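Close look at the chain arrangement
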Amino acid sequence: MFKKFQPSTDISGQTAVKSSVQRSLRAGLLSQWKIDPDTLESIWPKKENITLVKCRDHISIYALNGEPLFFQHFDGPLYPTLRLLHKYPFILPVVRVDRGAIRFLLAGAHMMCPGFTSKGGWLPPPEEALPAGVAVAIHAEGKEHAIGIGITKLSTEDIKKVNKGVGVEVVTHLGDDLWALQKV
Amino acid sequence: MSAEQATTAAPQPKPPVQVLYCEVCTFPPEYCEFGSRLSKCKEWLKSEHPDLYDRYYSEEALQSKLGTMSLEQQTKLEQEAAKKEAKAEAKADAKMKKKMSSQVQIKRIQRQKNKYVTAIHGLEAFDIDLKKAAKLFAQTFATGASVTKNAQGLDEIVVQGDVSDEVFDMIREEKGVLKGVPESNVELIEEKKKKS
Ligand SMILES: [Zn+2]
């Protein structure tokens, strides 16, 4: 999503967000992320206004005092930026790829099912299975911090069963152009 | 809210994890090995965080890091990392050379008998954000400043009024976003109004 993303040409403008919209964004974050209102308050205090940074291809980045906090593609899930996820790693459910997949992920590839089902990978157990279409933190074998954020293309149980093709689409990763965008 | 909930201790926000990022490649140091400046990253980590350096690059760490990868895969990875690093260095060199041969021109243009504008171009070659620079000029001189395309299709900043000497000084003194342009790469030009 942020491959060849150039702030100078791909950001079309910044606008203030109406307070009613801010309220519904806040409600969206509370329902989609595993986060309590107090922690959200420390990330985005109620009295502070968030800015909408409009980008190409219907990507919306929301920034607080110039720091990108979360983003959305069309009206899809609300994704934290990777830096925010590093600070609050519990807000998204975790999947893990094996070490062999790391360099492909960093080159911008989507993650194939075998990367999760091999010995170095990890998916939640059946009782905590994730449906298709949810935001996930992508971790990597042997690493402490998330390497990227993605959206499940198959449910995690189907990833195990089908075990071929793309299992998780990567929306942002270490070193992409959103990672480089520390201030807007 | 029930009485029971009300009596529980005030909820506390969870504190953020303080993540260390590599000053060379911006990744968490555990991912430096996948970046394109590994030797510089290692130098930095060794001098700034020797404990972490040992954790990530000691013999045992390198052994256990292999995880489920085969030795063959790992060797391939290392070769690719070295190649990537050499490529990135060559690219950085070329960029630096290009930068050092780029010129910034500050042009005083006469629009009417007593009316001038100042056009500045070439700042983008030094990674200066033109929109931010235009804003800085507008604020400094309390005048209009905009980013436009010139006749050659190149971006330039046009500031109302004759501020060419002041702009030259600002670049020399590296005011605000105007950083990293050597004085010798800046030239002042005057464009007289064409006689009609
Ligand atoms: Zn590094």
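Keep in mind it's a predicted model, so treat the numbers as computed, not measured.

Attention shifts here to the overall build of chain B. Within chain B one finds seven helices and five strands. Its helices and strands in sequence order give chain B the pattern α-α-α-α-α-β-β-α-β-β-α-β, from N to C terminus. The buried share among the 196 residues of chain B stands at 33%. Across chain B, every contact between residues at least 6 apart in sequence was considered, and the portion connecting residues at least 24 apart equals 53%.

Next up on the list: the coordination of the zinc ion. Residue and element names in this part refer to chain B. Only Cys22 (SG), Cys25 (SG), Cys32 (SG) and Cys41 (SG) from the protein reach the zinc ion as donors, at distances of 2.2 to 2.3 Å. One can describe the site at the zinc ion as tetrahedral: its four donor atoms subtend angles covering 106 to 112° at the metal. For the zinc ion, the single-chain donor residues occur in sequence as C-x2-C-x6-C-x8-C. Accessibility assignment for this pair places Cys22 and Cys25 in one class, buried.

Let us look at the interface of chain A and chain B. Taken together, the contacts link 30 residues of chain A with 27 residues of chain B. If you sort the residues of chain A by the area they bury against chain B, Arg99, Arg103 and Lys143 of chain A come out on top, with a joint share of 28%. For the interface between chain A and chain B, the tally reads four salt bridges. The salt bridge involving Glu33 of chain B is made with Arg99 of chain A; its shortest N-O contact spans 2.8 Å. At the junction of chain A and chain B, the tally comes to 12 residue pairs in polar contact (both at pLDDT 80 or more). Those elements that place two or more of their residues in the side of chain A that touches chain B are helix H3 (37-43), helix H4 (82-87) and helix H5 (99-106) of chain A. Top element by residues in the side of chain A that touches chain B is H5 of chain A. It accounts for five residues. Classifying every residue of the side of chain A that touches chain B by side-chain character gives 10 nonpolar, nine polar and 11 charged.

What follows deals with the packing of helix H6 (residues 130-141) of chain B against helix H7 (residues 164-172) of chain B. All names here are of chain B. Their axes nearest at 12 Å, the elements H6 and H7 cross at an angle of 120°. With respect to H7, the element H6 is oriented oblique. Considering how the two elements wind past one another, H6 and H7 form a crossing that is right-handed. Every residue of H7 that contacts H6 at Leu136, Phe137, Thr140 and Phe141 is listed here: Glu166, Val167 and Met170.

Residues and elements named next belong to chain B. Structurally, the position occupied by Thr118 is in strand E2 (residues 115-121). Residue Thr118 is classed as buried on the basis of its relative accessible area of 0%. Polar contacts involving the side chain of Thr118 include one to the main-chain amide nitrogen of Val163, which spans 3.0 Å. With near-sequence residues (within four places) excluded, Thr118 lies in contact with Ile106, Lys107, Ile157, Val158, Val159, Gly161, Asp162, Val163 and Ser164.

Before going further, it helps to examine the domain arrangement of chain A. All names here are of chain A. When the domains of chain A are assigned, the result is domain 1 (7-87) and domain 2 (94-173). At the interface, eight residues of domain 1 touch 13 residues of domain 2. Summing both sides of the interface, domain 1 and domain 2 together bury roughly 750 Å²; the carbon and sulfur share of this comes to 79%. At the surface where domain 1 touches domain 2, the tally comes to one residue pair in polar contact (both at pLDDT 80 or more). Secondary structure elements with two or more residues in the side of domain 1 that touches domain 2: strand E5 (79-80) and H4. In terms of residue count, H4 provides more of the side of domain 1 that touches domain 2 than any other element does, three residues in total. Classifying every residue of the side of domain 1 that touches domain 2 by side-chain character gives six nonpolar, two polar and no charged.

What counts and how
- Every chain is numbered independently, its residues counted from 1 as its sequence is written.
- Ligands are numbered from 1 and chains lettered from A, in the order in which they are written.
- Since the coordinates come from a predicted model, pLDDT governs what is reported: local features require at least 70, and pairs of side-chain atoms require 80 or more to be given and counted, while whole-chain, interface and lining totals use all residues.
- Only hydrogens and water are set aside; all other atoms, that is, all heavy atoms of the structure, feed into the side-chain values.
- For helices the rule is a DSSP run of H or I covering at least 4 residues; for strands it is a run of E covering at least 2, with both sets numbered from the N terminus onward.
- Burial classes follow relative accessibility: with a 1.4 Å probe on protein chains only, a residue under 20% of its type's maximum area counts as buried, one over 50% as exposed, and anything between as partly exposed.
- By definition, residues are in contact when any of their heavy atoms lie within 4.5 Å.
- Each metal's donors are the N, O and S atoms found within 2.8 Å of it, except that Na, K and Ca use a 3.2 Å limit; water is left out, so coordination can look incomplete.
- Irregular is the default label, applied whenever a site is not tetrahedral (four donors, all angles between 85 and 135 degrees) and neither square planar nor octahedral (four or six donors, opposite donors over 155 degrees apart, all other angles between 65 and 115).
- Buried surface area refers to the total accessible area, computed with a probe of radius 1.4 Å, that the two partners give up upon joining, counted for both partners together.
- In what follows, salt bridge is the name for a side-chain nitrogen of Lys or Arg lying within 4 Å of a carboxyl oxygen of Asp or Glu.
- Distance and chemistry together define a polar contact, namely a pair of N or O atoms within 3.5 Å, with one atom able to donate a hydrogen and the other to accept it when in protein, and with adjacent residues in sequence counting only for side-chain atoms on both sides.
- Any residue that is not Ala, Val, Leu, Ile, Met, Phe, Trp, Tyr, Cys, Pro, Asp, Glu, Lys or Arg is counted as polar, Gly included; the first ten are nonpolar and the last four charged.
- Between N-to-C directions, angles span 0 to 180 degrees; the directions come from axes that are lines fitted to C-alpha atoms, helices contributing only their stretch in contact.
- Each angle is binned into one of four classes, with values under 35 degrees roughly parallel, values over 145 roughly antiparallel, values of 65 to 115 roughly perpendicular, and all other values oblique.
- Crossing chirality is assigned from the near helix's rotation relative to the far helix, an anticlockwise turn below a right angle marking it left-handed and a clockwise turn marking it right-handed.
- Note that domain bounds follow an automatic or database assignment of domains.

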